[in-house]
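Close look at the chain arrangement
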Amino acid sequence: MSNDVTLTSTQKKCVTFKPKGDLLVQGIPGSGKSTILLARSKYLQEKKPHDSQLFITFSRALTNYVKQLATKNGIESIDAKTFHQWGQELLKETDYPNTILKLGKDRSEIIRYAKNIVNKHGKKVSFPNMRVEKNEHRVLLKFLCDEIEWIKGNGIISRNEYLSTKRTGRGNDIRVTKENRETIYDVLEKYNEILENDNRHKGIDGDDLARILIEKADQIPDSLRPDHVLVDEAQDLHTMQLKAISTISQKSLTIGADKGQQIYRRTFTWKKAGIDIIGNRSKYLKQTFRSTRQIIELANDFQEKDTLFTKDQDYHKAQVPEIEGKMPELCLCNNKDEEEKNIIEQVTKIRSSYPDDTIGIIATTHRRLEQLEELLDDKGFPVYRIKDNNADIVSPGVKLITYQSSKGLEFDHVIITGLKQGSLPYKAPSPGDDEEEFLSRERKKLYVAVTRAKKTLMLIATKKYSSFIQDLNDNYYEVKK
């Protein structure tokens, strides 16, 4: 997005849509969803100068990017936050006793503690059989963490509701009986009890934050409830998070989403989230303005291999743009050293010809990004880890980012790494995860990465090559010699 962006008639209708009620803007990568949200923010500032507004994103990297784009495009002091940042701030205004969020490893350790208590002192304890030969305790813990996230994310608050609700998104490899569900809910209750009463672990599960905000909404001062809320990449939020946003916003809610980029396990309907998208309140953008014809042809063909998504009612094939460019390159390497050699060669070539462009290097892990940062820094390239809250995303240079955090961003040139079996797709789905859904999400990670590129794209695979390489149509790429 730049100062001289020209909006299409459909985009303009989204930007100037009446500032009251809900508006859903869905679209393919590069179709202008973020551009529309930022332009609508500016429109609201001009039309409703005394109204407050908030921009919510699913990641810190995207929050940072939105702020930088807003500054670049003359949008005054945009307030952008992740859902957890915003929710935690609001919770401090209520009478809820704890505001410390338990996420990631902290959360897993408390669930482990709850599981062990139930296992030792519970009656008729019956955990599902994980059907693994080793690391059964670790696999069971991961299963319990995922199940508790699903329960909380769907707003289930009673044992009877959990026992009677059809569980979607789980595969057939792990059978979960009624007795298993009873024990899982015992662990959940013990986990909640620990969060509430144990001084060592007091806090809030990140997935409870939305429910608590809804319950305490009447305690939040109107001065802290934004008149207008804009949400980017909403497809990776939970139902309850969207419902909390809808409940607390006062006048309008504008949502940008693309189910084709949904890389986390999420099942929701807009109606269940309390969002009204009937009639002209829902818009779909099929045209991309970011990438070249060559990049989109490769991306479209690869996405069509995802038969689970192509059967979805929200699937729309991207229109092939008229912008011409270089054919994407596939580089096949024997090992990590060869991969690094090709990365250096590609960055050197781009920097010598296009010193004012951005180069996004995408990897599967932060550890790999640390190694690449050291490598590129030693060669004297301007390199930025986008994990850092204040990392410069929009100015020239090399930007290092994971597949997950790349969503919503764009770069002039993209180098995709980590295309190795066991890395992408990951070696195995989580316990109880549906294998077809797992592969669909892994495929979407690569689709997202490919569609970050504006001008050129290089994909680097190392032996043993990712199975996704076979799904890339060789009519749409060249093999680097």
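Just above sits the structure.
Summarised in this report is the structure supplied together with it.

Judged by nonpolar contacts, the single largest core of 71 residues is most densely connected at Ile416, Leu446 and Leu459. For this core, the leading source of residues is helix H3 (residues 60-72), giving six residues. Residues within four places of Leu446 in sequence aside, it is in contact with Phe302, Tyr403, Ile416, Leu419, Leu424, Leu459 and Phe468. Ile111, Leu140, Leu141 and Ile174 belong to the second largest nonpolar core, which has 26 residues in total.

Turning next to the sheet that holds strand E13 (residues 411-419). Pairing is parallel in the open sheet, where seven strands are placed in the order E11-E12-E10-E13-E14-E9-E15. Of all the strands in the sheet, just strand E11 (383-385) and strand E15 (478-479) have a single pairing partner and so form its edges. As paired elements, E13 and strand E14 (residues 453-462) share six bridges and run parallel to each other. Its bridge partner being in E14, Val414 is matched across the sheet by Leu457.

This part takes up the pairing of strand E9 (residues 329-333). The buried fraction of E9 amounts to four of the five residues, a majority that puts the element mostly inside the structure. Looking at chain direction, E9 and E15 are connected through two bridges and run parallel. Bridge pairing links Leu330 to Val479 in E15. In terms of strand pairing, E9 meets E14 through five bridges, oriented parallel. Bridge assignment links Leu330 to a residue of E14, and that residue is Leu459.

Before going further, it helps to examine the environment of Ile184. Mapped onto the fold, Ile184 is located in helix H8 (residues 178-197). Ile184 gets classed as buried once you look at its relative accessible area, which sits at 0%. In this structure, the C-alpha to C-alpha distance between Ile184 and Lys341, residues 157 residues apart in sequence, is 49 Å. Contact partners of Ile184, with chain neighbours within four places excluded, come to Pro128, Phe143, Leu144, Glu147, Tyr162 and Val176.

On to empty space enclosed by the protein, then. By rolling a water-sized probe across the atoms, one finds the places where empty space is left. According to the stated counting rule, one finds two cavities of 30 Å³ or more in the structure shown. As a volume, the largest cavity reaches approximately 50 Å³. Considered class by class, the residues forming the lining of the largest cavity number four nonpolar, two polar and two charged.

According to the stated counting rule, one finds 33 salt bridges in the structure shown. Arg159 is paired through a salt bridge with Glu182; the nearest N and O atoms lie 2.7 Å apart. With Arg159 in helix H7 (residues 159-164) and Glu182 in helix H8, this pair connects stretches of sequence that are 23 residues apart. By relative accessible area, Glu182 is classed as partly exposed at 24%. For the salt bridge of Lys454 with Glu410, the shortest nitrogen-to-oxygen distance reads 3.7 Å. Here the residue Lys454 occupies a position in strand E14, and Glu410 occupies one in the loop between strand E12 (397-402) and E13, the gap between them amounting to 44 residues. Residue Glu410 is classed as buried on the basis of its relative accessible area of 18%. Taken together, the shared-partner salt bridges connect Arg159, Lys178, Glu182, Asp186 and Glu189 into one network.

Spatial strand order, E3-E2-E6-E7-E1-E8: six strands in an open sheet with parallel pairing. Of all strands in the sheet, those with a lone pairing partner are strand E3 (80-82) and strand E8 (282-285), marking the two edges. Pairs of neighbouring strands in the sheet enclose a mean axial angle of 20°, with direction left out of account. Pairing of strand E2 (residues 53-57) with E3 involves three bridges; the strand directions are parallel. Note that in E3 the partner of Phe55 across the bridge is Ala80. Sheet strands touched by H3: E2 and E3. Its angle to E3, the strand with the most contacts, is close to 175°.

This part covers the packing of aromatic side chains. Summed over the entire model, instances satisfying the criterion amount to four aromatic pairs. Aromatic pair Phe83 and Trp86: ring centres 6.1 Å apart, planes at 70°, arrangement edge-to-face. Taken together, the residues span about one helical turn, with Phe83 and Trp86 both in helix H4 (residues 83-91) at a distance of three residues. With a relative accessible area of 3%, Trp86 lands in the buried category. Note on Phe309 and Tyr315: the rings are 5.4 Å apart at their centroids and 85° apart in plane angle, and the pair reads as edge-to-face.

The next thing to look at is the side chain of Arg281. Inspection of the secondary structure assignment puts Arg281 in the loop between strand E7 (252-257) and E8. For the buried Arg281, no salt bridge exists, and the shortest N-O distance to an oppositely charged side chain is 4.0 Å, to Asp276. In this structure the side chain of Arg281 is engaged in a polar contact, spanning 3.3 Å, whose partner is the backbone oxygen of Lys20. With residues near it in sequence (within four places) discarded, Arg281 still touches Phe17, Lys18, Lys20, Gly21, Asp22, Leu23, Leu24 and Asp276.

With that settled, the discussion passes to the environment of Asp412. For Asp412, the location among the structural elements is in strand E13. Taking the C-alpha atoms as reference, Asp412 lies 9.0 Å from Leu457; in sequence the two are 45 residues apart. Ignoring sequence-local partners within four residues, the contact set of Asp412 consists of Asp357, Thr358, Lys454, Lys455 and Thr456. Of note is the side chain of Asp412, whose polar atom sits 2.8 Å from the backbone nitrogen of Thr358.

Reading the values: rules and limits
- Residues numbered from 1 in each chain as written.
- Predicted model: local features only at pLDDT ≥ 70, side-chain atom pairs only at ≥ 80, totals over all residues.
- Heavy atoms only, no water.
- Core = buried A, V, L, I, M, F, W, Y, C linked by side-chain atoms within 4.5 Å.
- Buried < 20%, exposed > 50% of the residue type's maximum accessible area, 1.4 Å probe, protein only.
- Helix = DSSP H or I, 4+ residues; strand = E, 2+ residues; numbered from the N terminus.
- Contact = heavy atoms within 4.5 Å.
- Pairing = 2+ DSSP bridges.
- 1 Å grid on protein atoms, 1.4 Å probe; cavity = no way out; pocket = protein on both sides within 12 Å on 5 of 7 lines; lining within 4 Å.
- Points joined across faces, edges and corners; volume = space filled by probe spheres on them.
- Nonpolar A, V, L, I, M, F, W, Y, C, P; charged D, E, K, R; others polar.
- Salt bridge = Lys/Arg side-chain N within 4 Å of Asp/Glu carboxyl O.
- Axes fitted to C-alpha atoms, helices over the stretch in contact; angles between N-to-C directions.
- Phe/Tyr/Trp six-rings, centres within 6.5 Å; stacked < 30°, edge-to-face > 60°.
- Lys, Arg positive; Asp, Glu negative; His and termini not counted.
- Polar contact = N/O pair within 3.5 Å; in protein donor to acceptor, adjacent residues only side chain to side chain.

Everything listed here is a matter of coordinates, which is why it stays silent on function.
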